[in-house]
Amino acid sequence: MVMPISCSAFRRTALILALVAGGMPAFAQESANQSANQSATQIASNQTAGEVVLIPNRVIYPGETIELTALKQVTLIPGKHKPEAMATRTEELQGKIAKRTLLPGRYIPTAAIREAWLVEQGAAVQVFFVAGGLTITATAVTLQPGSAGDLIKVRNSDSGKILSGTVMADGTIQVSAS
């Protein structure tokens, strides 16, 4: 008749075998490490990293230049994406001007920001008209502010005539024949 082995006797025998063998068998350590690495890899592959976006960390008022110190980086919850027409990258926000109040913790709509004005309203500017080899230069006063590429109205300082022209990158206005 076989006597059942008590748990404590079984544990003692296992402990003695482990000590004689030099600890946990190698195949068990490898399996344990492999399963730990596998589960870590599976978790990483199942949970893709969230998208990183920039949002205000304080109130940004209309007309204020957006600086990186007024923004904070946040990572979206995996599986969530930012809504369309929202500015969330440094290139889209650095140096831009807020058109309306931007609240902390909220996305920044692209319609709520603009480029900084290259020419301010009421500024004296040089106006150029170029046609073939002919170039006419005059001084004018801007009637509205504008960024590079914007079509704005200016008043010729000499004649008082109002002209429309395109703001150039150097702050001059180029008018065309109309």
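A short tour of the structure in this document, coming up. Note on numbering: residues in each chain are counted from 1, in written sequence order. Note on the predicted model: pLDDT of at least 70 is required for a residue's local features to be given, and 80 or more for side-chain atom pairs to be given and counted; whole-chain, interface and lining totals, by contrast, use all residues. Each side-chain value is worked out from all heavy atoms of the structure, with water and hydrogens disregarded.

## A few points about the pattern of salt bridges
We define a salt bridge as a contact between a side-chain nitrogen of Lys or Arg and a carboxyl oxygen of Asp or Glu at a distance within 4 Å. In total, this model carries four salt bridges according to the counting rule given. With a closest N to O distance of 3.0 Å, Arg 89 and Glu 91 form a salt bridge. With relative accessibility at 57%, the residue Glu 91 sits in the exposed group. Among the charged side chains, a salt-bridge network with shared partners connects Arg 89, Glu 91 and Glu 92. Categorising residues by exposure relies on relative accessible area from a 1.4 Å probe, with only protein chains included: less than 20% of the type maximum marks a residue as buried, more than 50% marks it as exposed, and the intermediate range marks it as partly exposed.

## Let's talk about the environment of Val 119
By definition, any uninterrupted DSSP run of H or I lasting at least four residues is a helix, any uninterrupted run of E lasting at least two residues is a strand, and each is numbered from the N terminus. Tracing the backbone shows Val 119 in the loop between strand E6 (113–114) and strand E7 (124–131). Expressed as a C-alpha distance, the spacing of Val 119 and Thr 142, which sit 23 residues apart in the sequence, is 7.7 Å. Setting aside anything within four residues of it in sequence, one finds Val 119 in contact with Val 125, Thr 142, Pro 145, Gly 146, Ile 152, Val 167 and Gly 171. Residue contacts are counted whenever heavy atoms from the two residues lie within 4.5 Å of one another.

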